[in-house]
Amino acid sequence: MALYFLKRTLLFFPTLLGITLITFILMHSLPGDPVANMAGERASAETIARIRTMLGQDRPVALQYASYLKDIATGELGRSIYTNRKISDDLLQKFPNTVKLALVAMLFASTIGIGLGVFAAMKRGTNWDSLVTLLSVGGISIPVFWLGLALMLVFAFYLRWLPPSGMGNGSFLYVIMPAATLCTFSLSYIVRITRSSMLEVLSLPYVAAARAKGLTERAVVLKHALKNALIPVITLIGLDLGSYLNGAVLTETIFGWDGLGRYALDGILKRDYPVIMGVVLFGAVIFVTMNLLVDLSYHVLDPRVKEK
Amino acid sequence: MLNNLSIKDLSSNTPALIAVLLLVLLVLTAAIGPFLVSHDPLAMDLDSLKQPPNRAHLLGTDSKGRDILARVVYGSRISLSVGIIASALSLAIGIFFGLIAGYFGGKVDALLSQAFDIFLAFPSLLLAIGISAVMSAGLTSAMLAITLVGWAGFARLVRGITLSLKEQTYIEASRALGANPARILYRHILPNALPLILVAGSLRVGSFILLEAALSFLGLGVQPPTPTWGSMISLNRAYINSAPWMVIFPGLAISITVISFNILGDFLRDKLDPRMQV
């Protein structure tokens, strides 16, 4: 197992390197000139040249990449073109807000998702089962930004139960709608996986043995089957947490949540490329790190998984 | 495997049948809808701003007095074409590299697989944002971004299928007969991998349409005044309380489209993917 841990962790680095290569390429050689876009249509040739020198774009590409890597390794992601603030500072300042939103969202997604998944598995083949399946298809099909606006319309404007947007100095009421919006995607996947994993476990001999002992169906499901059925679900939870930055860009925009997602949108609207790429890079690093942790914990959780 | 699929299967599965009918309707809307709507999607009418649905404007008008029905109908062209073209492109790229990686193995495989993993290491929307942000926003940038986000998943799938197919005796036989790799891949492996690839493709069209809508919503897709479902929502979201129909209808259009694609994809997977048959 130690060997697997080592191998898996070593594989992490080429991936990181690849990620930086892609963000670097994006910044430098795709069609369309970021510097010209950044400077605007009316910028003079001198202004453009000045920005190029500022960004070090007048040096050979390989050298630029090397210094880009060096900067990243020291946590230096450059400065925003508009505010001139260090992007790494901004990211660290906004990140806790996004983490808070993501954790609440995952709490919603996992409790409701596992509950619904177990329920659907126990009601297999009934209309309840079909209803839950349909809901989970809906959850991965409805655009989060639209769902967020619909929730806002109903719960903030019609019913007046919840504040429409903002962060409210940490009051829990403010996080409910953004978290409910952010969680729909993973909620749906958790329902699906819990259901199918539960059905698989329920067909195993040890469950039949538990039933033969005369246990109630409830006890069989909750005490014996659930624990094993949850292993793939836990993987999914880890992976989804890593990808929450996707939804956060949209959700935070709608609800005025001051996290990484809204920071990214500000960057997009102002064409502030260092900011956009900073968030993309940061998001990818979070994502692969979560993948790594999930893979490693999978080995701990499920001893049946042997190294290839 | 494709022959196993029949109209009878479809008609016995109500959700899938409804989904197919809705998709047919959607394709018709995109194809001939623009000729049927009586309003110009770009025409502003200052005398009828923010009108709720009524007889003259069945889905109401937006903050500039433009007919929402006409805009939703025209928007279907963008959503559908981006979704389908991006799927086709990323499938083509994914199939190409997946076949090569799976068939040749060794260093080629190691290198290509590492490339797939790197592309899959990005959260999809963030990568799409990164790609489309450095291009001038428009139809091409959205399609390219979605394609670059989508191809690696297909490539990894095709690689896996190819790996298992190339060990089959009939492949070995044709190799022994001296067939070149290109011929084996094209004539023997691809046709057998196709059902699984189609299933994966149909399951992804919906998410590509969502991705396009999200990019449009963020202002990175097709630019105004051309109506897209995503941009209709973002341009009108300030009016969610006073004129909710401006946001509700384009969102319904996205939701119904994506739900239909996803139900159809699930149906095809259940029918065509032998791994699903328990």
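Predicted model, so just to flag it, every value in this text is computed and none were measured.

**Examining the overall build of chain B**
In terms of helices and strands, chain B carries 10 helices and 0 strands. The order of α-helices and β-strands along chain B, N terminus first, is α-α-α-α-α-α-α-α-α-α. Considering chain B as a whole, with its 278 residues, one finds that 49% of them fall into the buried category. Restricting the contact set of chain B to residue pairs at least 6 apart, pairs at least 24 apart contribute 69%.

**Thoughts on the overall build of chain A**
Each helix and strand counted, chain A has 12 helices and 0 strands in total. Ordered by position from the N terminus, the helices and strands of chain A form the series α-α-α-α-α-α-α-α-α-α-α-α. Each principal axis of the C-alpha distribution contributes one length, and for chain A these read about 85 × 60 × 35 Å. Every one of the 308 residues in chain A was classed for burial, and the buried ones make up 40%. For chain A, the proportion of contacts with a sequence separation of at least 24, taken over those separated by at least 6, is 72%.

**Regarding the interface of chain B and chain A**
If you look at the interface, chain B gives 38 residues, while chain A gives 41 residues. Looking at the side of chain B that touches chain A, the elements that each hand over two or more residues are α4 (106-120), α5 (124-133), α8 (181-217) and α10 (245-272) of chain B.

**With respect to the packing of helix α3 (residues 68-104) of chain B against α4 of chain B**
All names here are of chain B. Running from N to C, α3 and α4 cross one another at 140°; their axes reach a closest spacing of 7 Å. On the basis of their axis angle, the class for α3 and α4 is oblique. Along this stretch, α3 crosses α4, giving a crossing that reads as left-handed. Along its contact with α3, which presents Phe97, Ile100, Ala101 and Phe104, the element α4 presents Gly106, Val108, Asp109, Leu112 and Ser113. In terms of residue class, the contact of α3 with α4 is made up of 6 nonpolar, 2 polar and 1 charged.

**Considerations on the packing of helix α1 (residues 2-28) of chain A against helix α4 (residues 61-73) of chain A**
Describing two packed helices takes the angle between their axes plus the distance from one axis to the other. Residue and element names in this part refer to chain A. Between α1 and α4, whose axes approach to 11 Å, the crossing angle comes to 125°. When the axes of α1 and α4 are compared, the pair comes out oblique. Note on packing geometry: the crossing formed by α1 with α4 is right-handed. Note on element contacts: α4 touches α1 through Val61, Tyr65, Tyr68, Leu69 and Ile72, opposite Thr20, Phe24 and His28.

**Remarks on the confidence of the model for chain B**
Considering every residue of chain B, the mean pLDDT works out to 87; 96% of them sit at 70 or more. The ipTM, which scores confidence in the relative placement of chains, is 0.87 for this predicted complex, and the corresponding pTM is 0.88.

**Some points on unusual backbone geometry**
Among all residues save glycine, negative phi is the norm, and among peptide bonds the norm is trans. Between proline 224 of chain B and the following residue, proline 225 of chain B, the backbone shows a cis peptide bond with an omega angle of 10°. A positive phi is found at arginine 160 of chain A, a non-glycine position, where the angle reads about 60°. Note on placement: arginine 160 of chain A falls in the loop between α7 (144-158) and α8 (172-202).

**Quick notes on the environment of alanine 243 of chain B**
When you line up the elements, alanine 243 of chain B lands in the loop between α9 (229-236) and α10. A sequence separation of 34 residues divides alanine 243 of chain B from isoleucine 209 of chain B, and the C-alpha atoms of the two residues are 25 Å apart.

**Thoughts on the environment of aspartate 47 of chain B**
Along the polypeptide, aspartate 47 of chain B turns up in the loop between α2 (14-36) and α3. Distance from aspartate 47 of chain B to lysine 64 of chain B, taken between C-alpha atoms, is 9.5 Å for residues 17 residues apart in sequence.

**Brief notes about helix α6 (residues 139-165) of chain B**
With 27 residues, α6 of chain B should reach 39 Å at 1.5 Å per residue; the first-to-last C-alpha distance of 37 Å fits that figure. Across the 27 residues that make up α6 of chain B, a large majority, 20, are buried.

Rules used in this analysis
Residues numbered from 1 in each chain as written. Chains lettered and ligands numbered in written order. Predicted model: local features only at pLDDT ≥ 70, side-chain atom pairs only at ≥ 80, totals over all residues. Helix = DSSP H or I, 4+ residues; strand = E, 2+ residues; numbered from the N terminus. Buried ≥ 20, exposed ≤ 12 C-beta atoms within 10 Å, placed from the backbone. Contact = placed C-beta atoms within 7 Å. Axes fitted to C-alpha atoms, helices over the stretch in contact; angles between N-to-C directions. Parallel < 35°, antiparallel > 145°, perpendicular 65-115°, else oblique. Left-handed = near helix turned anticlockwise from the far one by under 90°. Nonpolar A, V, L, I, M, F, W, Y, C, P; charged D, E, K, R; others polar. pLDDT = per-residue confidence, 0-100. Expected span 1.5 Å × (residues − 1).

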